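# Examination of the molecular architecture
One letter stands for each residue in the lines below.
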Amino acid sequence: MDKNLKCVIIDDEPLARELIKNYVCKTPCLTLEGCFESAAEAVKTVLGGEIDIVFLDINMPMLNGIEFASLIPSQTRIIYITAYEQYALQGFKVNALDYLLKPVSYQEFVKAIGKAVEWQAMRHAYESNAKTFPEMLTVKADYRLVQMKLDSIKYIEVQRDRVIFYRSEGDPVSSLMTLRDLEEVLPSDRFMRVHRSFIVNLNQIEVVERNRIVFGKTYIPVSETKKDEFLARLK
């Protein structure tokens, strides 16, 4: 790992905030940049773009964690902290790296940090790969590094904290990352996010049927907010 991960804690419960602070301070790869009792107090620090991880409580007054997540820069990862398990799926819809249930154990905390460390390593690999091999994408799939030709990628689907690459050649590849990560590195002239769960390779599309993209027996929805842009780009 090249450097420590800079992190902030946002939680309106003092005891929960202090617990995560203690965990951060005892974990060598983390550097604490601030503790806040509300999302509003943290806006300046987080939106500055220098923070790697936000430990974010979901159920807070005024501006809750889910609402604040939409403001956080794409290069910053979110680890939700919540007392309510039903928020977990909603959290992953906004590309959370992980979520922790209160009271948070140090064991679960360390597991989440492991995902953050892996994400940082992948991010560096993407940046290096993009400069050296612009027509290739290198992703970490479990304990392997997999290189894929960009033109071979048909579509990409998000499933909780992972994405699945479906290709015209080779088996699907699963990697611990988010669609927001991919939107930063994939060429925007060829790839488009057509739905909150899908990115497609526009050059691979052969059939569109009733606002759905057809890849064999797979149907990919095009959201209403993306429909006009999608049809314009096809033309």
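Above: the structure in question.
Before going into details, it helps to say that this report is about the structure given with it. (Residues numbered from 1 in each chain as written. Predicted model: local features only at pLDDT ≥ 70, side-chain atom pairs only at ≥ 80, totals over all residues. Heavy atoms only, no water.)

### Observations regarding the overall build of the protein chain
When helices and strands are tallied, the protein chain shows seven helices and 15 strands. For the protein chain, the C-alpha radius of gyration of 19 Å lies close to 18 Å, the compact-globule estimate for 235 residues. Taking all 235 residues of the protein chain together, 47% fall into the buried category. The contacts in the protein chain between residues at least 6 apart in sequence include a share of 53% that link residues at least 24 apart. If you sum the accessible surface of the protein chain, you get close to 12200 Å²; carbon and sulfur atoms cover 50% of it. Here the protein chain contributes 31 positive and 33 negative side-chain charges, whose respective centroids are spaced 4 Å apart. (Helix = DSSP H or I, 4+ residues; strand = E, 2+ residues; numbered from the N terminus. Rg over C-alpha atoms; globule rule 2.2 N^0.38 Å. Buried < 20%, exposed > 50% of the residue type's maximum accessible area, 1.4 Å probe, protein only. Contact = heavy atoms within 4.5 Å. Areas by Shrake-Rupley, 256 points an atom, 1.4 Å probe, with all protein chains shown as cover. Lys, Arg positive; Asp, Glu negative; His and termini not counted. Charge placed at Lys NZ, Arg CZ, Asp CG, Glu CD.)

### A few points about the state of the cysteines
One way to say it: the disulfide is the covalent bond shared by the sulfur atoms of two cysteines. Going through the model one piece at a time under the given rule, you end up with zero disulfides. Looking at the unpaired C25, the closest cysteine sulfur is the one in C35, lying at 7.7 Å. C7 supplies the cysteine sulfur nearest to C29, a cysteine that is in no disulfide, at a spacing of 8.8 Å. Accessibility expressed as a relative area gives 18% for C29, which makes it buried. (Disulfide = S-S within 2.5 Å.)

### Overview of helix α2 (residues 39-47)
The complete set of buried residues in α2 reads A39, A42 and V46. Along the axis of α2, the buried positions cluster into a sector of 60 degrees, meaning they face one direction only. Turned more than 90 degrees off the buried face of α2, the exposed positions are A40 and K44. Looking at the buried side of α2, the elements it contacts are β1 (5-10), β2 (30-36), β3 (53-57) and α3 (65-69). The first or second residue beyond α2 is G49, which carries a positive phi of 85 degrees. (Arc of directions from axis to C-beta.)

### Thoughts on the sheet that holds strand β14 (residues 212-215)
With respect to topology, three strands assemble into an open sheet ordered β13-β14-β15, the strand pairing being antiparallel. Here the strands that pair on one side only, and so sit at the sheet edges, are β13 (207-209) and β15 (218-221). In this sheet, adjacent strand axes meet at a mean angle of 35 degrees when their direction is disregarded. (Pairing = 2+ DSSP bridges. Axes fitted to C-alpha atoms, helices over the stretch in contact; angles between N-to-C directions.)

### Some remarks on the pattern of salt bridges
What the rule picks out here adds up to ten salt bridges. The closest approach of N and O atoms between E224 and K227, which form a salt bridge, is 3.5 Å. Of this pair, E224 and K227 both sit in helix α7 (residues 224-234), separated by three residues, roughly a single helical turn. Judged by its relative accessible area of 23%, K227 is partly exposed. Three or more residues joined by partner-sharing salt bridges are found here, namely D11, E13, D57 and K102. (Salt bridge = Lys/Arg side-chain N within 4 Å of Asp/Glu carboxyl O.)

### Concerning the sheet that holds β1
The five strands are arranged β2-β1-β3-β4-β5 in an open sheet whose pairing can be described as parallel. Each edge of the sheet is formed by a strand with only one pairing partner; in this case those strands are β2 and β5 (98-101). On average, each strand axis in the sheet is inclined to that of its neighbour by 20 degrees, with strand direction left out of account. In this sheet, β2 lies alongside β1 in parallel orientation, the contact comprising six bridges. Each bridged residue has a counterpart across the sheet, and for V8 the counterpart in β2 is G34. In the packing of helix α1 (residues 14-25) onto the sheet, the strands contacted are β1, β2, β3 and β4 (77-82), and the crossing angle to β2 comes to about 165 degrees. Those strands touched by α2 are β1, β2 and β3, and its axis lies near 165 degrees from that of β1.

### What about the environment of A121?
Structurally, A121 is set in helix α5 (residues 106-132). According to the relative accessible area criterion, A121 is partly exposed, its value standing at 43%.

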